[in-house]
Amino acid sequence: MCLGVPGKVVKIEDNALGLRMGVVDFGGTKRETCLAYLDDVQEGDWVLVHIGFAISKIDEEKAKDAFDTLKEIGL
Amino acid sequence: MKYVDEYRGSEPVRKYIRAITDILHRDWTIMEVCGGQTHNIIKFGIDTLLPSKITLIHGPGCPVCVTPIEMLDKAVYIASQSEVIFCSFGDMLRVPGSEKNLITSRAEGADVRILYSPLDAIKIARESPDRKVVFFSVGFETTAPAVAMAIIQAKKLGIKNFSALVAHVLVPPALEAILSTPNLVLNGFLAPGHVSTVIGQGGYERITKKYRVPIVITGFEPLDILFGVYKLVKQLEEGRCEVENAYGRSARPEGNVLAQQAVDEVFEAADRKWRGIGVIPKSGLALRESYRDFDAESLFSLNGLTVEEPSECIAGYILQGLKKPNECTAFGTRCTPQRPLGAPMVSSEGACAAYFNYRRV
Ligand code: SF4
């Protein structure tokens, strides 16, 4: 139920009510997404989306952690 | 798909199995808290790849599974009112109440709609001013901010025909309840990555100190789960007891502060009953006084209703990691995903459904 799907922000705009919204592209499928909980997100950023809300911006450096650890232990 | 497929490759998975085997000397029992993790562990057979010294037990992290039966009965009752448009996430529809589920209600004519986002309920309420729109608000800390935003918007816009049936649950109090279970052997937790993305590490640090169990925030793909297991085993073997993060690409130490603020604006912690487990103090969310106008339970006068659960279902033991699904006498016979007796067989994230779908014996 806590499913989060990574996608790329392709458009950002406030809706008529002043809520920060955007369009996120999930490998070709585009969905309207609320961006109100991310204050530093820009078009082109990858975000993690749960039930129509972006809950985090994906950190590209930290995304390598699991692989870096393997290298550190020499595997 | 980016940020998904990379974490499914068999090569790094094999390497992590080796890395874990190399540092492992003693027997450890680890609980993965989140149902999404349980699902992938069974689906990808991660528990069978790990050395036998590691036992994975499945936690209570399926909000669908822990929503108590009376909440389902309340949902069915509200949905059956002719003026109501009842909005829910798809996974709640098949969960059995004491007499029927929401699918049956819909077949009997109730207007039950499946939504992608709680904001859609606000849209529906504005389009149908003569109907009462009720949103079935179920989920952990990951889901609460989205619902909070819908309620904040409803208040801002003065929408009077929208309310929420609130059944939100919180992860850290559930971990504490599990740690207080007698006879449970448990050495560490893999904490749910998306709950942690919202709440941050603070709530876990308290638990780590108080109960001396290490906690590693962990993602959902096979490599994420093994990275989490590796970090946890390393701590256990080295006698450390800390909160660590194996899901840094999404979870920050402080969590998502804006989301926390919105949740805090709308909700307060409240005692909540978990299906099969019972009441856990301060383990749920309830609407604050200033948002009570949006409380479906009071609007439909349903406060205080409680219902007994069917006796054959051992969901309570399963959700606390005390038993595995195949130890239930009804598993796969009287209880199947087509005819579920209990919620863990309904939800695709329930341990019983995961065992049924991927490990039928
Ligand atoms: S198999 Fe069915 S009856 Fe048994 S615990 Fe799971 S949900 Fe309950």
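Given the structure is predicted, the values throughout are model-derived calculations rather than measurements.

## Section: the side chain of Gln153 of chain B
So, step 1. Relative to the helices and strands, Gln153 of chain B resides in helix α8 (residues 144-157).
So, step 2. Those residues in contact with Gln153 of chain B, other than ones at most four positions away along the chain, are Leu17 and Leu19 of chain A together with Leu119 of chain B.

## Some thoughts on the side chain of Ser250 of chain B
So, step 1. Following the sequence through the fold, Ser250 of chain B ends up in the loop between β9 (243-245) and α13 (257-266).
So, step 2. For Ser250 of chain B, a relative accessible area of 1% gives the class buried.
So, step 3. Those residues in contact with Ser250 of chain B that lie beyond four places of it in its chain are Leu48 and Ser56 of chain A together with His194 and Thr197 of chain B.

## Description of empty space enclosed by the protein
Residues and elements named next belong to chain B.
So, step 1. Tallying each qualifying case throughout the model produces three cavities of 30 Å³ or more.
So, step 2. Looking at the largest cavity, its volume works out to about 100 Å³.
So, step 3. Taken together, 13 residues form the lining of the largest cavity, with Cys313, Ile314, Cys328, Cys335 and Cys352 sitting closest to its centre.
So, step 4. Going through the elements one at a time, α15 (315-319) and α16 (343-346) are the ones with two or more residues in the lining of the largest cavity.
So, step 5. In terms of residue class, the lining of the largest cavity is made up of 12 nonpolar, one polar and no charged.

## Considerations on the sheet that holds strand β6 (residues 162-168) of chain B
All names here are of chain B.
So, step 1. What the four strands build is an open sheet, ordered β4-β3-β5-β6; its pairing is parallel. Here the strands that pair on one side only, and so sit at the sheet edges, are β4 (111-114) and β6. If you compare each strand with its neighbour and ignore which way they point, the axes differ by 20° on average.
So, step 2. One ladder, built from four bridges, connects strand β3 (residues 84-88) with β4; its direction is parallel. Paired with Phe86 across the bridge in β4 is Val112.
So, step 3. With respect to the sheet, helix α5 (residues 69-79) is in contact with β3, β4, β5 (132-139) and β6, its orientation differing from that of β6 by roughly 165°.
So, step 4. Each of β5 and β6 is contacted by α8, which is oriented at about 155° to β6, the strand it contacts most.

## A word on the site of the ligand
Residues and elements named next belong to chain B.
So, step 1. In the region of the ligand, the neighbouring residues are Cys313, Ile314, Ala315, Ile318, Cys328, Phe331, Cys335, Leu341, Gly342, Pro344, Met345 and Cys352.
So, step 2. The pocket occupied by the ligand, as judged from atoms lying within 2 Å of grid points, is the largest cavity.
So, step 3. For the shell around the ligand, the class distribution of residues is 11 nonpolar, one polar and no charged.

## Re the pairing of β6 of chain B
All names here are of chain B.
So, step 1. Here β6 lies mainly inside the structure; seven of its seven residues are buried.
So, step 2. Of the two faces of β6, both are covered, the one formed by Phe162, Ala164, Val166 and His168 as well as the one formed by Ser163, Leu165 and Ala167.
So, step 3. Bridge analysis of β5 against β6 gives seven bridges, and the strand direction is parallel. Bridge pairing links Gly139 to His168 in β6.
So, step 4. With respect to chirality, the unit in which β5 leads through α8 into the neighbouring parallel β6 is right-handed.

## Quick look at the pattern of salt bridges
So, step 1. Inspection of the entire model under this criterion finds 31 salt bridges over all chains.
So, step 2. Glu13 of chain A is the partner of Lys11 of chain A in a salt bridge, and the nearest nitrogen-oxygen pair spans 3.8 Å.
So, step 3. For Lys11 of chain A, a relative accessible area of 40% translates into the label partly exposed.
So, step 4. The exposure class of Glu13 of chain A is partly exposed, given its relative accessible area of 45%.
So, step 5. Among the ionic pairs, Asp22 of chain B bridges to Arg18 of chain B, the shortest N-O distance being 4.0 Å. Of the two residues, Asp22 of chain B and Arg18 of chain B are both situated in helix α1 (residues 10-23); the distance of four residues between them amounts to about one turn of the helix.

## Thoughts on the interface of chain B and chain A
How big an interface is tends to be stated in terms of accessible area lost as the parts join.
So, step 1. Each side of the interface is counted separately: chain B has 50 residues, and chain A has 38 residues.
So, step 2. For chain B, the biggest contributors to the area lost against chain A are Tyr3, Tyr116 and Leu258 of chain B; these three give 17% of the whole.
So, step 3. Scanning the region where chain B abuts chain A turns up one salt bridge.
So, step 4. Notably, a salt bridge pairs Glu32 of chain A with Lys123 of chain B, separated by 4.0 Å at the nearest N-O pair.
So, step 5. Taken together, the connections running from chain B to chain A amount to 12 residue pairs in polar contact (both at pLDDT 80 or more).
So, step 6. Listing elements by their share of the side of chain B that touches chain A, those giving two or more residues are α1, α4 (63-66), α7 (119-127), β5, α8, α10 (193-199), α12 (222-238) and α13 of chain B.
So, step 7. The greatest single-element share of the side of chain B that touches chain A, amounting to seven residues, is contributed by α8 of chain B.
So, step 8. Taken together, the residues that form the side of chain B that touches chain A break down as 29 nonpolar, 10 polar and 11 charged.

## Brief notes about the layout of surface pockets
So, step 1. Roughly 790 Å³ of volume is contained in the largest pocket.
So, step 2. Lining the largest pocket are 35 residues, with Cys2, Leu3, Gly4 and Val5 of chain A together with Glu349 of chain B sitting closest to its centre.
So, step 3. Breaking the lining of the largest pocket down by element, the ones donating at least two residues are β1 (5-14) and β4 (46-50) of chain A together with α2 (35-43) of chain B.
So, step 4. Of the residues belonging to the lining of the largest pocket, the class tally is 19 nonpolar, nine polar and seven charged.
So, step 5. Taken domain by domain, the makeup of the lining of the largest pocket includes at least three residues from each of domain 1 (5-62 + 178-245) and domain 2 (68-168 + 256-299) of chain B.
So, step 6. Its boundaries defined by the atoms lining it, the second largest pocket holds a volume of some 400 Å³.
So, step 7. As for the second largest pocket, its lining consists of 18 residues, of which Met71, Lys74, Asp271, Arg272 and Glu297 of chain B are closest to the centre.
So, step 8. For the lining of the second largest pocket, the residue count by class is seven nonpolar, three polar and eight charged.

Conventions adopted
Residues numbered from 1 in each chain as written. Chains lettered and ligands numbered in written order. Predicted model: local features only at pLDDT ≥ 70, side-chain atom pairs only at ≥ 80, totals over all residues. Heavy atoms only, no water. Helix = DSSP H or I, 4+ residues; strand = E, 2+ residues; numbered from the N terminus. Contact = heavy atoms within 4.5 Å. Buried < 20%, exposed > 50% of the residue type's maximum accessible area, 1.4 Å probe, protein only. 1 Å grid on protein atoms, 1.4 Å probe; cavity = no way out; pocket = protein on both sides within 12 Å on 5 of 7 lines; lining within 4 Å. Points joined across faces, edges and corners; volume = space filled by probe spheres on them. Nonpolar A, V, L, I, M, F, W, Y, C, P; charged D, E, K, R; others polar. Pairing = 2+ DSSP bridges. Axes fitted to C-alpha atoms, helices over the stretch in contact; angles between N-to-C directions. Near = heavy atom within 4 Å. Sits in = over half its atoms within 2 Å of the grid points. Right-handed = clockwise from strand over helix to strand, strands pointing away. Salt bridge = Lys/Arg side-chain N within 4 Å of Asp/Glu carboxyl O. Buried area = accessible area lost by both parts, 1.4 Å probe. Polar contact = N/O pair within 3.5 Å; in protein donor to acceptor, adjacent residues only side chain to side chain. Domains from an automatic or database assignment.

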